[in-house]
Amino acid sequence: MLARDLPIPCSGAGGRRAPAAAADGRLAGGVLRPPWGGVAAGVRLVAAARPMSVVTAAAAGSSWDRKAGRSEAAVPAAAPVDGKDDDDVLPVLNKLMTSTVGKSTNIRWHDCPVNQLDRQKLLNQKGCVVWITGLSGSGKSTLACALSRELHSRGHLTYVLDGDNLRHGLNKDLSFKAEDRAENIRRVGLFGEVAKLFADAGLICITSLISPYKSDRSACRKLLPNSSFIEVFLNVPLEVCEERDPKGLYKLARAGKIKGFTGIDDPYETPSDCEIVIQCKVGDCPSPKSMADQVVSYLEANGFFQN
Ligand SMILES: Nc1ncnc2c1ncn2[C@@H]1O[C@H](COP(=O)(O)OS(=O)(=O)O)[C@@H](OP(=O)(O)O)[C@H]1O
Ligand SMILES: Nc1ncnc2c1ncn2[C@@H]1O[C@H](COP(=O)(O)OP(=O)(O)O)[C@@H](O)[C@H]1O
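The model shown is predicted, which means the values in this text are computed figures rather than measured ones. (Residues numbered from 1 in each chain as written. Chains lettered and ligands numbered in written order. Predicted model: local features only at pLDDT ≥ 70, side-chain atom pairs only at ≥ 80, totals over all residues. Heavy atoms only, no water.)

Trainee: Looking at this structure, how should I read the layout of surface pockets?
Mentor: A water-sized probe rolled over the atoms picks out the places where empty space is left. Counted as a void, the second largest pocket has a volume near 630 Å³. Forming the walls of the second largest pocket are 31 residues, and the residues nearest its centre are Ser-136, Lys-140, Asp-164, Ile-210 and Lys-247. Elements with a contribution of two residues or more to the lining of the second largest pocket: helix H5 (140-153), helix H6 (163-166), helix H7 (178-188) and helix H11 (249-254). A per-class count over the lining of the second largest pocket returns 10 nonpolar, 12 polar and nine charged. (1 Å grid on protein atoms, 1.4 Å probe; cavity = no way out; pocket = protein on both sides within 12 Å on 5 of 7 lines; lining within 4 Å. Points joined across faces, edges and corners; volume = space filled by probe spheres on them. Helix = DSSP H or I, 4+ residues; strand = E, 2+ residues; numbered from the N terminus. Nonpolar A, V, L, I, M, F, W, Y, C, P; charged D, E, K, R; others polar.)

See the structure below:
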């Protein structure tokens, strides 16, 4: 089969450069192709900036650090292609552009011409993650729902990822041991597995998980672009949560029937660098609506409702 007959993927490493994207440089890392779809003679193959750990371009002698790959267009370049026929060149280029990420070998990142900025313009908002953390019973789910209702009524697209709900599906294989809690958080936030994907889609993603460990929360924060991780600490005293005890879990934990319950015989590490603290005292707790308004004000003041 001739190279010109090969299907052209969305864009990126193997794709045709879309005129609009080429004009504003968005696909600066894509392969420049002549109209018939081959690789233009003399054009150096440049890998698009994308999150991958190591590019297995052994022949080109390059490796690619994940962080560097994200911030600038690294160039694990192909050998010069001059003088080669399409049929010889494309398989070589394809091989050079595959990578190994974790246990996934020979994979390739595909960029599409519609990017996060385009989606944000469409939605008239900036994608972000509002990460609500606090003890069981502190009101995380209530705040998440109130916030999403408030934002929805103002015309903003949101999606709620609730710890309890996720444990009904995606995370149902995980217990409450420290390593499983960490994995729970990792799937939702770390490596952008879920929350980051939603933020990248341009949505205001609201997560409500106990997320008791600082290290797990800050690992999630590091993954998201500057300022798009907004940590909201529901600072509700244990005695208030225990008094509420809507699921009867504190009672069971106190009776020793649930082991490793957060706040009872498992730690909750209080956030020290969060964007928003919602304070609740015994007998004096803001209403769900006013908690939601506090978050909305933050988003407004920090430009999340502009594209
Ligand atoms: N041992 C133990 N400790 C804490 N919580 C427990 C435990 N066992 C079950 N549950 C119920 O699970 C909900 C918390 O799930 P999360 O995914 O948010 O927890 S974590 O972030 O992984 O720590 C939590 O829901 P919320 O009350 O909504 O926080 C509890 O209902
Ligand atoms: N701001 C609030 N004031 C009074 N009660 C609240 C408030 N927020 C939540 N609650 C109540 O506290 C209990 C726990 O709330 P929930 O949202 O399920 O907490 P979490 O998701 O943190 O476990 C529920 O019975 C809820 O109605």
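Trainee: Just checking my understanding: could you explain the nonpolar core for this structure?
Mentor: In globular proteins that are soluble, nonpolar side chains generally tend to be buried together. With 34 residues, the main nonpolar core has Val-130, Val-232 and Leu-299 as its most contacted residues. Going through the elements one at a time, strand S4 (128-133), H5, strand S6 (204-208), strand S7 (229-235), helix H10 (238-244), H11, strand S8 (276-279) and helix H12 (288-301) are the ones with two or more residues in this core. Every residue in contact with Leu-299, bar those within four places of it in the chain, is listed here: Cys-128, Val-130, Leu-151, Ile-230, Phe-304 and Phe-305. In this structure, Leu-161, Val-194, Ala-195 and Cys-220 belong to the second largest nonpolar core, which totals 14 residues. (Core = buried A, V, L, I, M, F, W, Y, C linked by side-chain atoms within 4.5 Å. Buried < 20%, exposed > 50% of the residue type's maximum accessible area, 1.4 Å probe, protein only. Contact = heavy atoms within 4.5 Å.)

Trainee: Looking at this model, I keep getting lost on the packing of aromatic side chains. Mind explaining?
Mentor: For any pair of aromatic rings, the description consists of the separation of the ring centres together with the inter-plane angle of the planes. Counted according to the given criterion, the structure contains four aromatic pairs. Taking 5.6 Å as the distance between ring centres and 35° as the angle between the ring planes, the aromatic pair formed by Trp-131 and Phe-229 counts as tilted. Taken together, the positions of Trp-131 in strand S4 and Phe-229 in strand S7 put the pair 98 residues apart, joining distant regions of the chain. Note on Phe-229: relative accessible area 2%, which makes it buried. With centroids separated by 4.7 Å and ring planes inclined at 5°, the aromatic side chains of Tyr-159 and Phe-198 adopt a geometry described as stacked. With Tyr-159 in strand S5 (residues 158-162) and Phe-198 in helix H8 (residues 195-200), the pair connects residues that are 39 residues apart, well separated along the chain. For Tyr-159, a relative accessible area of 43% translates into the label partly exposed. Owing to a relative accessible area of 24%, Phe-198 belongs among the partly exposed residues under this scheme. (Phe/Tyr/Trp six-rings, centres within 6.5 Å; stacked < 30°, edge-to-face > 60°.)

Trainee: It is not clear to me how the site of ligand 2 should be interpreted in this structure. Could you clarify?
Mentor: Taken together, 14 residues lie around ligand 2, and Gly-137, Lys-140, Ser-141, Thr-142 and Pro-286 are the ones closest in. At a separation of 3.3 Å, an oxygen atom of ligand 2 approaches a polar backbone atom of Ser-138. Pro-286 places a main-chain nitrogen or oxygen 2.8 Å from a nitrogen atom of ligand 2. For ligand 2, whose unbound accessible area comes to 550 Å², protein coverage reaches 71%. Here ligand 2 occupies the second largest pocket. At the level of secondary structure, the elements contributing two or more residues to the shell around ligand 2 comprise H5 and H12. Looking at which element gives the most residues to the shell around ligand 2, the answer is H5, with three residues. The residue makeup of the shell around ligand 2, split by class, is five nonpolar, seven polar and two charged. (Near = heavy atom within 4 Å. Polar contact = N/O pair within 3.5 Å; in protein donor to acceptor, adjacent residues only side chain to side chain. Areas by Shrake-Rupley, 256 points an atom, 1.4 Å probe, with all protein chains shown as cover. Sits in = over half its atoms within 2 Å of the grid points.)

Trainee: Which parts of the structure should I look at to understand the environment of Asp-266?
Mentor: Inspection of the secondary structure puts Asp-266 in the loop between H11 and S8. For Asp-266, the residues in contact, after removing those within four places along its chain, are Phe-176, Arg-181, Tyr-213, Gly-260 and Phe-261. Within the local environment of Asp-266, its side chain forms a polar contact with the side chain of Tyr-213, the two groups lying 3.5 Å apart.

Trainee: Got a minute to help me understand the site of ligand 1 in this structure?
Mentor: Of all residues adjacent to ligand 1, which total 20 residues, the nearest are Ser-136, Lys-140, Arg-167, Asn-184 and Lys-247. In this structure, an oxygen atom belonging to ligand 1 sits 2.7 Å away from a side-chain N or O atom of Asn-184. In this structure, ligand 1 is accommodated by the second largest pocket. Here the shell around ligand 1 takes three residues from H7, the largest share from any one element. Split into classes, the residues belonging to the shell around ligand 1 amount to seven nonpolar, seven polar and six charged.

Trainee: Explain the sheet that holds S7 to me, please; I cannot follow it from the model alone.
Mentor: Pairing between the strands of a sheet comes from backbone hydrogen bonds, and it takes one of two forms, parallel or antiparallel. The parallel open sheet is built from five strands, whose spatial order is S5-S6-S4-S7-S8. Each end of this open sheet is capped by a strand with a single partner; those strands are S5 and S8. Going across the sheet, the axis of each strand differs from the next one's by a mean of 20°, ignoring polarity. Pairing between S4 and S6: five bridges, direction parallel. If you follow Trp-131 over to S6, its bridge partner there is Thr-207. (Pairing = 2+ DSSP bridges. Axes fitted to C-alpha atoms, helices over the stretch in contact; angles between N-to-C directions.)

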